[in-house]
Amino acid sequence: MKLTKNDHLLYNLTAEDLMISSEKVAHVQLNNPLEHALLILVKSGYSAVPVLDSKYRFKGIIGKSIILNEILGLERIEIENLSTTTVENAMQTNVPSLHKSADLLSCLKALIDHAFICIVDEDQYFDGIVTRRAVLQQLNRFLHVKKDELIKLQDLI
Ligand code: 4BW
């Protein structure tokens, strides 16, 4: 199978090309109480969003299931935790991030285990996110364009 100029363009795509930029990404801050995070998650419709500090540096991720775990007591729903616990004390911190120069394959690899990947600069300042949707769209386009060639190749094997 021959690679065309367009195929090379696919491999040349970077996180920056695929990214939803920071101003369009719903996020919460470290010192927000969980009730605020829940409000953002429910109103935006997303299951998880990035957590930033007051200087817009990426710190972690908070999602609906983390918040549900925080209020789920042994005998009752501890609803008061929504106002007493901050996002900082509940968020997930062991999440990978990439630089905007990361190539498509690095994004693809990171998105196997995560629905979105945060893009940060050298000082952890938040640039945006790359979602599974953005990468799947590119792969879908590529596989459709290459479909006939891939079938021919299979017949030869
Ligand atoms: O509000 C929505 N609009 C659109 N167009 N699609 C949505 C919306 N909410 C969900 N979706 C779809 C997307 O295909 O459902 C998928 C799973 O959503 P999620 O994870 O579980 O909330 C969405 O897939 P995706 O676009 O590949 O996004 C993957 C994850 O990235 C989302 C969410 O956690 C995060 N995300 C996406 N756009 C975001 C965002 N977080 C904050 N702000 C954004 N603008």
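The following refers to the structure shown. Everything numeric here is computed off the predicted structure, so don't read it as measured data. (Residues numbered from 1 in each chain as written. Predicted model: local features only at pLDDT ≥ 70, side-chain atom pairs only at ≥ 80, totals over all residues. Heavy atoms only, no water.)

1. So, the overall build of the protein
Alright, step 1. Scanning the protein from N- to C-terminus turns up seven helices and seven strands.
Alright, step 2. When the helices and strands of the protein are read in sequence order from the N terminus, they spell out α-α-β-β-α-β-β-α-α-β-α-β-β-α.
Alright, step 3. Here the protein has a C-alpha radius of gyration of 20 Å; the compact-globule value for 157 residues is 15 Å, and the former is much larger.
Alright, step 4. Its C-alpha atoms give the protein principal-axis dimensions of roughly 65 × 35 × 25 Å.
Alright, step 5. Pairs at least 24 apart in sequence give 57% of the contacts found in the protein among residues at least 6 apart. (Helix = DSSP H or I, 4+ residues; strand = E, 2+ residues; numbered from the N terminus. Rg over C-alpha atoms; globule rule 2.2 N^0.38 Å. Contact = heavy atoms within 4.5 Å.)

2. A closer look at the sheet that holds strand β5 (residues 97–98)
Alright, step 1. The four strands lie next to each other as β1-β7-β6-β5, forming an open sheet whose pairing is mixed. Where the open sheet ends on each side, the last strands, each with one partner, are β1 (20–21) and β5.
Alright, step 2. Looking at chain direction, strand β6 (residues 116–120) and strand β7 (residues 126–131) are connected through five bridges and run antiparallel. Each bridged residue has a counterpart across the sheet, and for V120 the counterpart in β7 is F126. (Pairing = 2+ DSSP bridges.)

3. Some remarks on the state of the cysteines
Alright, step 1. Evaluation of the coordinates by the stated rule reveals zero disulfides.
Alright, step 2. Counting only cysteine sulfurs, C118 is the nearest neighbor of C107, a cysteine outside any disulfide, at a range of 12 Å.
Alright, step 3. Taking relative accessible area as the criterion, C107 reaches 0% and is therefore assigned buried.
Alright, step 4. Among the residues examined, C118 registers a relative accessible area of 1% and is labelled buried. (Disulfide = S-S within 2.5 Å. Buried < 20%, exposed > 50% of the residue type's maximum accessible area, 1.4 Å probe, protein only.)

4. Observations regarding the sheet that holds strand β2 (residues 28–29)
Alright, step 1. Strand order across the open sheet formed by three strands is β2-β3-β4, with mixed pairing between neighbours. Where the open sheet ends on each side, the last strands, each with one partner, are β2 and β4 (58–63).
Alright, step 2. Across two bridges, β2 lies against strand β3 (residues 48–52) in parallel orientation. Following the sheet pairing, Q29 is matched in β3 by L52.
Alright, step 3. Contacts from helix α3 (residues 34–44) reach β2, β3 and β4 within the one sheet, and its direction differs from that of β4 by about 70 degrees. (Axes fitted to C-alpha atoms, helices over the stretch in contact; angles between N-to-C directions.)

5. Re the environment of D113
Alright, step 1. Note that D113 resides in helix α6 (residues 104–113).
Alright, step 2. In the structure, D113 is positioned 42 residues away from D155 in sequence and 33 Å away in space, judged by C-alpha atoms.

6. Let's talk about the site of the ligand
Alright, step 1. Residues in contact with the ligand amount to 16 residues; listed here are only the nearest, K24, A26, S47, A48 and R133.
Alright, step 2. Contacts to the ligand include K24, whose backbone N or O atom sits 3.1 Å from a nitrogen atom.
Alright, step 3. Considering the ligand on its own, with 770 Å² of exposed area, one finds that the protein chains cover 65% of that surface.
Alright, step 4. Where the shell around the ligand is concerned, the elements lending two or more residues are β3, β7 and α7 (132–156). (Near = heavy atom within 4 Å. Polar contact = N/O pair within 3.5 Å; in protein donor to acceptor, adjacent residues only side chain to side chain. Areas by Shrake-Rupley, 256 points an atom, 1.4 Å probe, with all protein chains shown as cover.)

7. Overview of α3
Alright, step 1. Here α3 has its buried residues at L34, A37 and L41. Relative to the axis of α3, the buried residues are bounded by an arc of 60 degrees and lie together on one face. In α3, the exposed positions angled more than 90 degrees off the buried face are occupied by V42 and K43.
Alright, step 2. Taken together, the buried residues of α3 touch β2, β3, β4, α4 (64–71) and α5 (81–84). (Arc of directions from axis to C-beta.)

8. Description of the pairing of β4
Alright, step 1. Summarising burial for β4: five of the six residues are buried, a large majority.
Alright, step 2. Here β3 pairs with β4 via five bridges, running antiparallel. Bridging from a neighbouring strand, L52 pairs with F58 of β4.
Alright, step 3. In sequence, β3 turns back onto β4 through a hairpin of five residues, with Y56 there showing a positive phi of about 70 degrees.

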